[in-house]
Amino acid sequence: MEMAPNKTLIYPVAAFLSSFRRRMTISSLAMLIALLCLSSSATLAQLATTPPMGWNSWNHFGAKVSDADVRAAADALVATGLRDSGYLYVNIDDGWQGKRIDSGELTPNERFPDMRALADYVHARGLKLGIYSSPGAVTCAGNEGSMGHEERDARTFATWGVDYLKYDICSYRKILDRDAHGDPEVAQRMMFAVFERMNSALRATGRPIVYSVSQHGLSRGWTWANQAGANLWRTGDDVRDNYLSVTEIGFAQGGLSKFAGPGHWNDPDMLEIGNGGLTPDEGRTQLSLWSLLAAPLLAGNDLSTMDADSLTILNNREVLSIDQDPAGRQGNRLWTEGSLEIWARDLTGGSVAVGLFNRSQGPTDIPLDLKLLGLKNATKVRDEWQHRNLAPIQGSRTFRVAPHGVVLLVIHP
Ligand code: GAL
């Protein structure tokens, strides 16, 4: 699916063009150029206005992903209704690359016979295609990277119809180790330069391509990746398919909220829901926490064979609308005691999303004191997993939370 033209920008341009035919002056030419520049930067600025949602091949298919897997994921996004809930990006991770041929062009391997046809297949279903590369000479799975070929590869991706690039540091780390001599400032400058180089190459193609920087949070990437052009950047290590990994990463995201907002997001890594290692309560924990964090939501499972519980979790539109709240204000931890945590996120219109998390192995009561939210009373209280309105709260209320589970509320003052 191509970007819809922005009518508010096109109409002034069209009106101007008709007057332009009548009297062309130097100043009108200058104005036309200014309008066209405005139009193009506005289109780019519109990328990822809410955290990207979709699917990524890595967590389930690893480096053996194939064209057929990607088509099946696209079909499943449509058939399950996940596309209509906002999961739009179909992202091929590491494992698609073949050889770089003599002309310098990077070609796909035999599992991807025709990238342009695959992009057409994905676009015909109202979805967008993502791809993966590295600023290093080789990727983390040992495939050909983009080092020294950035402009060429960006043009190739644009020609195929790619809408999203994940650019993963991988073997460039060795160059950092070699040349930065342990100096964090030099390392940061070097990373900025290589990630910005691909950003410029992508922008030079003229195609709106969401840019995902993956460098595992090195050199506090959240402080500079946005200036290097990234729409999202990883804040830490790879997520694994178990509760410990999901929660170690998720609950370590406190304090990063000021770096996120429309067009630029902290990325705590992909979802593991549906891969078999999380119970339904643990899956609800990941989706709730990621939504409070305004995190990108990239399903990482096999969508064509997932069980009903996983689909119900991934497709909870009440929770997804917290993640996609247009103001894009990332949440934070408000309270913690032992293995209990309360996180909250301000939403558009003055309501607040609140997650009460129980990281212990037994059911536990968690007290919610509205003073934490700066409130005395809550007139409307919605339970986002039970899909029901609860009684108003005066002052405080205690909630029973399942082991490794969550109660997720939206509270209106
Ligand atoms: C890692 C990255 C993973 C995946 C993998 C592919 O560095 O964090 O998400 O992309 O490389 O090799």
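Note: the structure precedes this text.
Right, let's walk through the structure included here. (Residues numbered from 1 in each chain as written. Predicted model: local features only at pLDDT ≥ 70, side-chain atom pairs only at ≥ 80, totals over all residues.)

## Thoughts on the site of the ligand
Here comes step 1: With respect to spatial proximity, the complete set of residues near the ligand consists of Trp-58, Asp-93, Asp-94, Thr-139, Cys-140, Ala-141, Asp-168, Cys-170, Ser-214 and Asp-238.
Here comes step 2: Of the residues assigned to the shell around the ligand, the class counts are four nonpolar, two polar and four charged. (Near = placed C-beta within 6 Å. Nonpolar A, V, L, I, M, F, W, Y, C, P; charged D, E, K, R; others polar.)

## Section: the environment of Asp-93
Here comes step 1: By the secondary structure assignment, Asp-93 is in the loop between β2 (89–91) and β3 (97–100).
Here comes step 2: The sequence separation of Asp-93 and Gly-62 amounts to 31 residues, and the corresponding C-alpha distance is 7.8 Å.
Here comes step 3: Once residues lying within four places of it in the same chain are set aside, the contact partners of Asp-93 are Asn-56, Ser-57, Trp-58, Val-65, Tyr-132 and Lys-166. (Helix = DSSP H or I, 4+ residues; strand = E, 2+ residues; numbered from the N terminus. Contact = placed C-beta atoms within 7 Å.)

## Some points on the sheet that holds strand β12 (residues 340–346)
Through backbone hydrogen bonds, the strands of a sheet pair up, either in parallel or in antiparallel fashion.
Here comes step 1: Reading across from one edge, β11-β12-β13-β20-β16-β17 is the order of the six strands in this open sheet, with antiparallel pairing throughout. The outermost strands of the open sheet, each flanked by one partner alone, are β11 (332–337) and β17 (388–390). Each strand axis lies, on average, 25° off the axis of its neighbour in the sheet, ignoring direction.
Here comes step 2: Sheet analysis places strand β13 (residues 352–358) next to strand β20 (residues 406–412), joined by six bridges and oriented antiparallel. Note on β20: the bridge partner recorded for Phe-357 is Val-406.
Here comes step 3: Seen against the sheet, helix α10 (residues 280–292) touches β12, β13 and β20 and runs at an angle of roughly 140° to β13. (Pairing = 2+ DSSP bridges. Axes fitted to C-alpha atoms, helices over the stretch in contact; angles between N-to-C directions.)

## Notes on the packing of helix α4 (residues 67–79) against helix α5 (residues 115–124)
Here comes step 1: Two numbers describe how α4 lies on α5: the axes approach to 10 Å, and their chain directions differ by 10°. Here α5 runs roughly parallel to α4, going by the angle between their axes. In contact with Asp-67, Val-70, Arg-71 and Ala-74 of α4, α5 contributes Leu-118, Tyr-121 and Val-122.
Here comes step 2: Residue classes in the contact of α4 with α5 are distributed as five nonpolar, no polar and two charged. (Parallel < 35°, antiparallel > 145°, perpendicular 65-115°, else oblique.)

## As for the sheet that holds β2
Here comes step 1: Read from one edge to the other, the open sheet built from eight strands follows the order β9-β8-β7-β6-β5-β2-β1-β10, with strand pairing classed as parallel. With partners counted over all chains shown, the strands left at the sheet margins are β9 (265–267) and β10 (297–299), one partner each. Strand-to-strand, the axes of this sheet are offset by a mean angle of 25°, without reference to chain direction.
Here comes step 2: Examined bridge by bridge, strand β1 (residues 53–56) and β10 share three bridges and lie parallel to one another. Its bridge partner being in β10, Met-53 is matched across the sheet by Leu-297.
Here comes step 3: Those strands touched by α4 are β1 and β2, and its axis lies near 160° from that of β2.

## Details of the pairing of strand β16 (residues 380–383)
Here comes step 1: As defined by bridge partners, β16 adjoins β20 across four bridges and the pair is classed as antiparallel. Residue pairing in the sheet places Lys-380 in a bridge with His-412 of β20.
Here comes step 2: In textbook terms, the turn of a hairpin is the stretch between consecutive antiparallel strands, and for β16 and β17 this stretch comprises four residues, one of which, His-387, has a positive phi near 55°.

## Let's talk about the nonpolar core
Here comes step 1: Formed by 96 residues in total, the largest nonpolar core has its most connected members in Leu-77, Val-90, Leu-165, Phe-195 and Val-354.
Here comes step 2: Beyond its immediate sequence surroundings of up to four residues, Val-354 is in contact with Ile-342, Ala-344, Leu-368, Leu-409 and Ile-411. (Core = buried A, V, L, I, M, F, W, Y, C linked by C-beta atoms within 7 Å. Buried ≥ 20, exposed ≤ 12 C-beta atoms within 10 Å, placed from the backbone.)

## A word on the packing of helix α6 (residues 150–160) against helix α8 (residues 184–204)
Here comes step 1: In contact at an axis separation of 8 Å, α6 and α8 are set at 40° when each is read in the N-to-C sense. As the angle between them shows, α6 and α8 are arranged oblique. Where α6 crosses over α8, the handedness of that crossing is right-handed. Contacts from Glu-150, Glu-151 and Ala-154 in α6 reach Arg-197, Met-198, Ala-201, Leu-202 and Ala-204 in α8.
Here comes step 2: In the contact of α6 with α8, the residues fall into five nonpolar, no polar and three charged. (Left-handed = near helix turned anticlockwise from the far one by under 90°.)

## A few points about the environment of Ala-402
Here comes step 1: Structurally, the position occupied by Ala-402 is in the loop between β19 (396–401) and β20.
Here comes step 2: Each C-alpha atom of the pair Ala-402 and Arg-359 lies 9.1 Å from the other, and the pair is 43 residues apart in sequence.

## Points about unusual backbone geometry
Leaving glycine out, the prevailing phi sign among residues is negative, and the prevailing peptide bond configuration is trans.
Here comes step 1: Notably, Ala-294 is not glycine yet its phi reads approximately 50°, a positive angle.
Here comes step 2: Structurally, Ala-294 is set in the loop between α10 and β10.
Here comes step 3: Classification of Ala-294 by C-beta neighbours within 10 Å gives buried; the count is 25.
Here comes step 4: Here the phi dihedral of His-404 falls at roughly 55°; this positive angle occurs in a residue that is not glycine.
Here comes step 5: Mapped onto the elements, His-404 comes out in the loop between β19 and β20.
Here comes step 6: Residue His-404 is classed as buried on the basis of its 23 C-beta neighbours within 10 Å.

Everything listed is a geometric property; what it means functionally is a separate question.
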